[in-house]
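Descriptive analysis of the structure
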Amino acid sequence: MIQRSATLGDLELTPLVDGYFRLDGGAMFGVVPKPLWEKRAPADERNRIRLGLRPLLIRGGARTMIIDAGIGDKMDARSVDIYAIDRARHLDHSLADAGVRIDAIDVVLASHFHFDHAGGFTRRDGSGALRPRFPNARYVARTAEWDDATRPHERNRASYLSENFLPLRDAGVLDLVAGDDEIMPGVRVVRSGGHTMHHQVVMIESGGRTAVFAADMIPTTAHIDEPWIMGYDLYPMDTLAFKRTFIREAIDREYLIFFEHDATVAAGYIREKDRRKFVEPVISD
Ligand SMILES: [Zn+2]
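Structure report, in brief. (Residues numbered from 1 in each chain as written. Predicted model: local features only at pLDDT ≥ 70, side-chain atom pairs only at ≥ 80, totals over all residues. Heavy atoms only, no water.)

A closer look at the pattern of salt bridges
Definition in use: We define a salt bridge as a side-chain nitrogen of Lys or Arg found within 4 Å of a carboxyl oxygen belonging to Asp or Glu. Each helix is a run of DSSP H or I of at least 4 residues and each strand a run of E of at least 2, with the numbering of both proceeding from the N terminus.
A full pass over the atoms with the stated rule returns 23 salt bridges. Across the pair Arg59 and Glu12 runs a salt bridge whose closest N-O atoms are separated by 3.7 Å. Here the residue Arg59 occupies a position in strand β5 (residues 56–59), and Glu12 occupies one in strand β2 (residues 11–15), the gap between them amounting to 47 residues. With a shortest N-O distance of 2.8 Å, Arg142 and Asp180 are connected by a salt bridge.

In structure tokens, the structure reads:
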């Protein structure tokens, strides 16, 4: 497959793929009834819908950066079955297609620490020890998200697997930022909350244009309508509030949106016609 990129001023944005997985369709669409969501995302015999795992590579700036790193290769057989994890084509292939060596990544930025985003942050070496997956990278995350991930409760414990992030601290490669900071020129994080209290999206600005890595705030193109909010979200009313403002802005200012979990569309513009919203794909499988 030919991997496509989008150019934004000086920056080249390349959606990568760490394979595909499946989650319960009802959980993915919260209060939306199945007869409505299954038109957008057909369910399999276990009621699961197909999702992508799409970290974003940013080149051409001060650093070579990726945002999130997929689900990784540490999931056990039971999880591979439950989540139908298909990594026939994964992040290594995707980076090789983009012509980027693993050791060329300088910065790994986390939207949040759930396993389908942070799984690829670490790997096991030959002796079974957990190591940072990108040997020359600093890993950047939000302080309060780190605090939540390292002190989980009953509702989020299954999503925060410490093997994905504690080895980063132990290796001394973790940089925590407290607020909506610039991570490198043209790339800044904005807290959306909603999915987790400190979930963040990434605003990328160059050449007078804006792209946004929306992570789990708008995980797929099926989630562009405001009330289509995941049942997984810990604070769904915060997701709603953020989406109300954000989606209006994205339409009016023509933000290029990167959809981390869409099964086919990696990036596109949100458009509106006759009060109906839709996505005009720019990069898809
Ligand atoms: Zn996710």
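Here we look at the coordination of the zinc ion
To keep things clear, this is the line we draw: For Na, K and Ca the donor cutoff is 3.2 Å, while for all other metals N, O and S atoms must lie within 2.8 Å; water is not among the atoms, so some sites may look incomplete. Throughout this description, buried means an accessible area under 20% of the type-specific maximum (1.4 Å probe, protein chains only), exposed means over 50%, and partly exposed covers the range between.
Protein coordination of the zinc ion is provided by Asp116 (OD), His117 (NE2), Asp216 (OD), Asp216 (OD) and His261 (NE2), with donor distances spanning 2.0 to 2.8 Å. Positions of the donor residues of the zinc ion, expressed as sequence spacing, correspond to D-H-x98-D-x44-H. Residue His117 is located in helix α5 (residues 115–118), and its partner His261 is located in the loop between β16 (256–258) and β17 (265–273); the two are separated by 144 residues in the primary sequence. Here His117 matches His261 in class, with each residue buried.

A look at the packing of aromatic side chains
The geometry of an aromatic ring pair is captured by the separation of the ring centres together with the interplanar angle, meaning the angle of the planes. Rules: Between the rings of Phe, Tyr and Trp (Trp by its six-membered ring), a pair exists once the centres lie within 6.5 Å; its type follows the angle of the planes, with under 30 degrees stacked, over 60 edge-to-face, and the other angles tilted. Our definition puts a charge over a ring when NZ of Lys or CZ of Arg is within 6 Å of the ring centre and also within 35 degrees of the ring normal.
Under the counting rule described, the total for this entry stands at 11 aromatic pairs. Measuring from centroid to centroid gives 6.4 Å for Phe113 and Phe121, while their planes differ by 85°, and the two rings are edge-to-face. Under the relative-accessibility criterion, Phe113 is labelled buried at 1%. Through a chain of ring-to-ring contacts, the aromatic side chains of Phe113, Phe121, Tyr139, Trp146, Tyr160 and Phe165 assemble into a single cluster. We note Arg50 situated over the ring of Tyr20; from NZ or CZ to the ring centre the distance is 4.0 Å.

Section: the sheet that holds β2
We count it as follows: A strand pair is defined by DSSP finding two or more bridges across the two strands. Simply put, an axis is a line fit to the C-alpha atoms, just over the touching stretch for a helix, and the angle between two N-to-C directions goes from 0 to 180 degrees. Contact definition: two residues touch when any of their heavy atoms are within 4.5 Å.
Taken together, seven strands build an open sheet; the order of strands is β1-β2-β5-β6-β7-β10-β11 and the sheet is mixed. Edge positions in the sheet fall to β1 (6–8) and β11 (174–177), since each has one partner strand and no second. Pairwise comparison of adjacent strand axes, ignoring direction, gives a mean angle of 25° for this sheet. Across the sheet, helix α6 (residues 143–150) touches β10 (138–142) and β11, and the angle it forms with β10 is around 85°.

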